[in-house]
Amino acid sequence: MPSPKSLTQISRNRIFDGWQLVYQHDSEVLNCAMKFGVYLPPQAESGSCPVLYWLSGLTCTEQNFVTKAGAQRYAAQHGLILIAPDTSPRGCNLPGEDDSWDFGSGAGFYLNATQEPWSKHYRMYDYIMNELPAIAQENFPISDRQSICGHSMGGYGAITIALKNPGRFKSCSAFSPILTPCDVPWGLKAFRNYLGEDKSDWLAYDPMTLIQQATEPLPLLIDQGDADSFLNSRDGTNGKHAAAPADQASNGKAATK
C-alpha cells in the first residue's frame, strides 16, 4: 500500500486481492476539493502497472465506476491500475451550479472553461491531463503505459483528450459517447456557458473535428448500443445521457482506422 502525499483517504476495501480506494485532495487547478477512485491490483504490490483512466458521464461522481462497473475483477487479472475521477468541481458556490443535471455540478465536460464565473473552477481538461496524473505518478506504482476511456459525456471527454494529445495514450475507448457536442442540446448548453458564443472556440473540444484533423494513428474503439434511447433522437427529451446518432458513431469508427 502506498503512503499518499497530500491525499485524504475516504475509503479502503479489499477486492480481488487488490485494493479499491477513494481519496480526496485539494485541487490547485479546480480550486476546490476533489475525489477520485483508484483500484490497485495485486500486481501493484510488487511493481509498477499500466493505468487506465475512466471518465464517467453526466450526473455521475467517482462512485459510478467504482461501485457499478465490476471492472476490478478484470483489472486484477491483467494487472491494471484503474483511476476514476469525479466529473466536475463540487461546492464552488457558483450561481446556478446545482440547478440542472446537464450543466454545472456533475457536468464538467472535461474542458477548460473560459467564461466567468466558470473559468475559475471548471478546468477539467487540465485536471485530467496534468494534475491528476501527476498526483497518481507521485503516489501509486504507475508505469508509462496509459490509456483512457469513458461513457457518454465521459466517452466524449476521453476521445477529446486522447486526440488533443497524440502519443500520450496507448488506446482510447468510448461507450455511447457524445460525438457531436456542437449539434446536440447538452453540448450547446455547456459550450455556450463554458466557452462563450463564438462557435469557432468550440471546435477545439469537438470530437468529430479532432478526428478529421488527427495526424497520428490512435487505437480508438467507439461502442454504441442499439438500445440507447438517444440513438434516433437529438432533442434531449428521452433521459439523462446523450449518445451520438448511429450514423455519426459509424463515421467516427471509419475515421479512426
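Residues numbered from 1 in each chain as written. Predicted model: local features only at pLDDT ≥ 70, side-chain atom pairs only at ≥ 80, totals over all residues. Heavy atoms only, no water.

1. As for empty space enclosed by the protein
Working step 1: The full count for this structure, using the stated rule, is one cavity of 30 Å³ or more.
Working step 2: In terms of lining residues, the largest cavity is bounded by Gln 20, Gly 37, Val 38, Tyr 39, Phe 65, Val 66, Ala 71, Gln 72, Leu 82 and Ala 84.
Working step 3: Among the secondary structure elements, those contributing two or more residues to the lining of the largest cavity are strand S3 (32-40), helix H1 (63-68) and strand S5 (81-85).
Working step 4: Broken down by element, the lining of the largest cavity gets its largest block of residues, three residues, from S3.
Working step 5: Here the lining of the largest cavity is built from residues that sort into seven nonpolar, three polar and no charged. (1 Å grid on protein atoms, 1.4 Å probe; cavity = no way out; pocket = protein on both sides within 12 Å on 5 of 7 lines; lining within 4 Å. Points joined across faces, edges and corners; volume = space filled by probe spheres on them. Helix = DSSP H or I, 4+ residues; strand = E, 2+ residues; numbered from the N terminus. Nonpolar A, V, L, I, M, F, W, Y, C, P; charged D, E, K, R; others polar.)

2. Details of the sheet that holds strand S2 (residues 18-27)
Working step 1: Spatially, S1-S2-S3-S5-S4-S6-S7-S8 is the arrangement adopted by the eight strands of the open sheet, whose pairing is mixed. The two strands at the open ends of the sheet, each matched to only one other strand, are strand S1 (8-15) and strand S8 (220-223). Here the average twist between neighbouring strands, direction ignored, is 20 degrees.
Working step 2: Direction of pairing for S2 relative to S3: antiparallel, over a ladder of nine bridges. When the bridges of S3 are listed, Gln 20 appears paired with Tyr 39. (Pairing = 2+ DSSP bridges. Axes fitted to C-alpha atoms, helices over the stretch in contact; angles between N-to-C directions.)

3. Structural notes on the environment of Tyr 194
Working step 1: Mapping Tyr 194 onto the fold places it in helix H5 (residues 185-195).
Working step 2: Along the backbone, Tyr 194 and Phe 109 are 85 residues apart, and their C-alpha atoms lie at a distance of 9.3 Å.

4. Remarks on the pairing of S5
Working step 1: Across the five residues that make up S5, a large majority, five, are buried.
Working step 2: Along S5, one buried face is formed by Ile 81, Ile 83 and Pro 85 and the opposite face, lined by Leu 82 and Ala 84, is buried too.
Working step 3: Where S3 meets S5, four bridges bridge the pair, whose relative direction is antiparallel. Opposite Phe 36, over in S5, you have Pro 85 as the bridge partner.
Working step 4: Pairing of strand S4 (residues 49-55) with S5, which is carried by three bridges, proceeds in the parallel orientation. (Buried < 20%, exposed > 50% of the residue type's maximum accessible area, 1.4 Å probe, protein only.)

5. Some words on the layout of surface pockets
Which parts of space are left empty comes out when a probe the size of a water molecule is rolled across the atoms.
Working step 1: When its volume is computed, the largest pocket comes out at roughly 180 Å³.
Working step 2: Class assignment for the residues of the lining of the largest pocket results in seven nonpolar, four polar and four charged.
Working step 3: Each pocket or cavity is described by its volume, and for the second largest pocket that value is around 150 Å³.
Working step 4: Along its surface, the second largest pocket is lined by Pro 50, Val 51, Leu 52, Leu 80, Arg 145, Gln 146, Ser 147, Ile 148, Cys 149, Lys 170, Ser 171 and Ser 173.
Working step 5: Listed by contribution, the elements that provide at least two residues to the lining of the second largest pocket are S4 and strand S6 (142-151).
Working step 6: A total of five residues in the lining of the second largest pocket trace back to one element, the largest contributor, which is S6.

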